[in-house]
Amino acid sequence: MADQPTTCFIGAGSMTEALLSGLLSRGMSTGERITIMNRRNHERVRQLARQYGVILPADRKTAVSRADIIILAIKPKDVAEALEQWGRYIHPGQRVISVIAGISTSFIEDRLTTGTAVIRAMPNTSGTVGLSATALCPGRHAGEADLEEAARFFSSIGITVVVKEEDMDAVTGLSGSGPAYIYYLVEALEKAGVTMGLTPAVSRRLTLQTLLGAAKMLQETGEEPAELRRKVSSPGGTTMAGLETLARHRFQDALILAVQQACRRSRELGRSSAGK
Ligand SMILES: NC(=O)C1=CN([C@@H]2O[C@H](COP(=O)(O)OP(=O)(O)OC[C@H]3O[C@@H](n4cnc5c(N)ncnc54)[C@H](OP(=O)(O)O)[C@@H]3O)[C@@H](O)[C@H]2O)C=CC1
Ligand SMILES: O=C(O)[C@@H]1CCC=N1
């Protein structure tokens with residue numbers, strides 16, 4: 001473990017907790033190699049430090065300046081202020097990984113010492129259970145080794161893909177926000193079961209296993225989703241009746257619009273934070 005990098009998380013919110021949980025439970029890092037910090041909510045930092053055994057630094061500036069990897073996990077609206085506060089303690093030789101929606105690598109680079117390697121990442125909260133879908137793109141000073149290190153970091157909590165920076169907002173709308181669409185779907189299916197007399201517990205159990213089963217079928221058979229859908233749908237049967245209703249209510253259109261709108265919002269967040 002001695003050759004493992006040290007990591008400092010700036011921002012100890014939901015995304016940091018998902019990353020901590022994934023990294024530590026998979027033995028990809030150890031608590032004594034990780035420091036975390038917030039702006040004001042120090043109680044939250046103490047709680048995470050207790051829960052995950054990570055370090056609450058006595059001197060936050062030193063923690064930032066000594067870490068091998070710095071993870072920026074703050075909201076887009078706070079990035080300018082955070083880089084103003086912490087940027088001067090970051091130097092070339094460290095790797096900065098931003099998981100912030102909408103914020104470009106150049107925005108960050110412009111606020112750090114020239115030459116600092118910046119990588120933009122978009123993971124999702126399923127990293128908590130080792131199943132994040134993370135997209136990465138390098139900034140202008142990040143080389144192959146920097147990208148590989150970032151990929152190694154995020155592959156400990158799921159899969160990684162490398163994309164062009166111009167695609168990061170699309171990724172944010174699709175897989176960054178994606179878990180929430182699935183949870184929304186699950187809520188609806190559970191409610192549907194209950195409206196027809198199932199207990200909430202039975203409805204949840206059946207829904208969850210259906211979700212897991214369908215995901216595994218897609219992954220393990222390699223068949224197209226449309227083909228798998230066809231195999232469930234007997235002519236004139238129950239599934240057809242359900243699917244026809246979804247089509248009538250433009251279910252696919254609604255999901256496509258949702259992802260596009262989230263992508264647009266990611267761009268907007270970038271623009272409005274950059275305007276600060
Ligand atoms: N949640 C998700 O599913 C995903 C989130 N992301 C991205 O991750 C980032 C963080 O999101 P999330 O964890 O949900 O947000 P949270 O609001 O849960 O956490 C953000 C944290 O940043 C801290 N913070 C703000 N300013 C500073 C500062 N100057 N110095 C140190 N800490 C600071 C806040 O501390 P305090 O409360 O003290 O102000 C807060 O705890 C966002 O940019 C988001 O776009 C990316 C992928 C998925
Ligand atoms: O909702 C958000 O803005 C963040 C980015 C991706 C998921 N959560």
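- As annotated in an unreviewed UniProt entry, the chain is Pyrroline-5-carboxylate reductase from Kroppenstedtia eburnea.
- Under the heading Function (unreviewed entry), UniProt records this for the chain: "Catalyzes the reduction of 1-pyrroline-5-carboxylate (PCA) to L-proline."
- As stated in UniProt under Sequence similarities (unreviewed entry), the record for the chain gives "Belongs to the pyrroline-5-carboxylate reductase family."

1. Digging into the overall build of the chain
Now for step 1: A count of helices and strands for the chain gives 12 helices and 7 strands.
Now for step 2: Based on the C-alpha atoms only, the size of the chain along its principal axes is roughly 65 × 35 × 35 Å.
Now for step 3: By the burial criterion, 42% of the 276 residues in the chain qualify as buried.
Now for step 4: For the chain, the proportion of contacts with a sequence separation of at least 24, taken over those separated by at least 6, is 65%.
Now for step 5: Carbon and sulfur atoms form 58% of the exposed surface of the chain, whose accessible area is close to 15,300 Å².
Now for step 6: Charged side chains in the chain number 33 positive and 28 negative. The centres of these two groups are separated by 6 Å.

2. A short note on the sheet that holds strand S2 (residues 34-37)
Now for step 1: An order of S2-S1-S3-S4-S5-S6-S7 is seen for the 7 strands of this open sheet, with the pairing classed as mixed. Each edge of the open sheet is held by one strand with a lone partner, namely S2 and strand S7 (158-162). The sheet shows a mean angle of 25° between the axes of neighbouring strands, taken without regard to direction.
Now for step 2: One ladder, built from 4 bridges, connects strand S5 (residues 117-122) with strand S6 (residues 132-138); its direction is antiparallel. Residue pairing across strands places Ile 119 opposite Pro 138, the latter belonging to S6.
Now for step 3: On the sheet, helix H7 (residues 168-176) packs against S5 and S6 and is oriented at approximately 40° with respect to S5.

3. With respect to the UniProt feature "domain: Pyrroline-5-carboxylate reductase dimerisation" (unreviewed entry) in the chain
Now for step 1: According to UniProt, the positions carrying the feature "domain: Pyrroline-5-carboxylate reductase dimerisation" (unreviewed entry) are residues 165-269.
Now for step 2: Between the C-alpha atoms that bound residues 165-269 there is a distance of 15 Å. The span itself is 83% helix and 0% strand.

4. Quick word on the site of ligand 2
Now for step 1: Near ligand 2, the surroundings consist of Ala 101, Gly 176 and Ser 177.
Now for step 2: When ligand 2 is considered free in solution it has 250 Å² of accessible area, and contact with the protein chains removes 49% of it.

5. Concerning the site of ligand 1
Now for step 1: Every one of the 25 residues lining ligand 1 counts as a neighbour, but Met 15, Asn 38, Arg 40, Asn 41 and Ile 74 are closest to it.
Now for step 2: Contact distances for ligand 1 include 2.9 Å between an oxygen atom and a side-chain N or O atom of Arg 39.
Now for step 3: Contacts to ligand 1 include Trp 86, whose side-chain N or O atom sits 3.0 Å from a nitrogen atom.
Now for step 4: Out of a free accessible area of 900 Å², ligand 1 has 84% covered by protein chains.
Now for step 5: Of the residues forming the shell around ligand 1, the biggest block, 3 residues, is contributed by helix H4 (residues 79-86).
Now for step 6: Across the shell around ligand 1, the residue classes tally to 14 nonpolar, 7 polar and 4 charged.

6. Things to note about the environment of Ala 82
Now for step 1: Tracing the chain through its elements places Ala 82 in helix H4.
Now for step 2: A relative accessible area of 9% places Ala 82 in the buried class.
Now for step 3: Sequence separation between Ala 82 and Leu 72 is 10 residues; the distance between their C-alpha atoms is 8.9 Å.
Now for step 4: If we ignore the near neighbours within four places in the chain, the residues touching Ala 82 are Ile 74 and Gly 87.

7. Overview of the nonpolar core
Now for step 1: By size, the foremost hydrophobic cluster in this structure holds 31 residues, and its most contacted members are Phe 9, Leu 20, Ile 36, Ile 71 and Phe 154.
Now for step 2: Among the secondary structure elements, those contributing two or more residues to this core are helix H1 (14-25), S2, helix H2 (42-52), strand S3 (69-72), S5 and helix H6 (144-155).
Now for step 3: Take this core: its biggest share by element is 6 residues, from H1.
Now for step 4: Sequence-distant contacts of Ile 36, that is, excluding residues within four places in its chain, are made with Phe 9, Ala 12, Thr 16, Leu 20, Val 45, Leu 48, Ala 49, Val 54, Ile 55 and Pro 57.
Now for step 5: Core analysis: the second largest hydrophobic core is formed by 22 residues, Ile 74, Ile 103, Ile 108 and Val 118 among them.

What counts and what doesn't
Residues numbered from 1 in each chain as written. Chains lettered and ligands numbered in written order. Predicted model: local features only at pLDDT ≥ 70, side-chain atom pairs only at ≥ 80, totals over all residues. Heavy atoms only, no water. UniProt positions renumbered as here; feature names shortened; annotations may be inferred. Helix = DSSP H or I, 4+ residues; strand = E, 2+ residues; numbered from the N terminus. Buried < 20%, exposed > 50% of the residue type's maximum accessible area, 1.4 Å probe, protein only. Contact = heavy atoms within 4.5 Å. Areas by Shrake-Rupley, 256 points an atom, 1.4 Å probe, with all protein chains shown as cover. Lys, Arg positive; Asp, Glu negative; His and termini not counted. Charge placed at Lys NZ, Arg CZ, Asp CG, Glu CD. Pairing = 2+ DSSP bridges. Axes fitted to C-alpha atoms, helices over the stretch in contact; angles between N-to-C directions. Near = heavy atom within 4 Å. Polar contact = N/O pair within 3.5 Å; in protein donor to acceptor, adjacent residues only side chain to side chain. Nonpolar A, V, L, I, M, F, W, Y, C, P; charged D, E, K, R; others polar. Core = buried A, V, L, I, M, F, W, Y, C linked by side-chain atoms within 4.5 Å.

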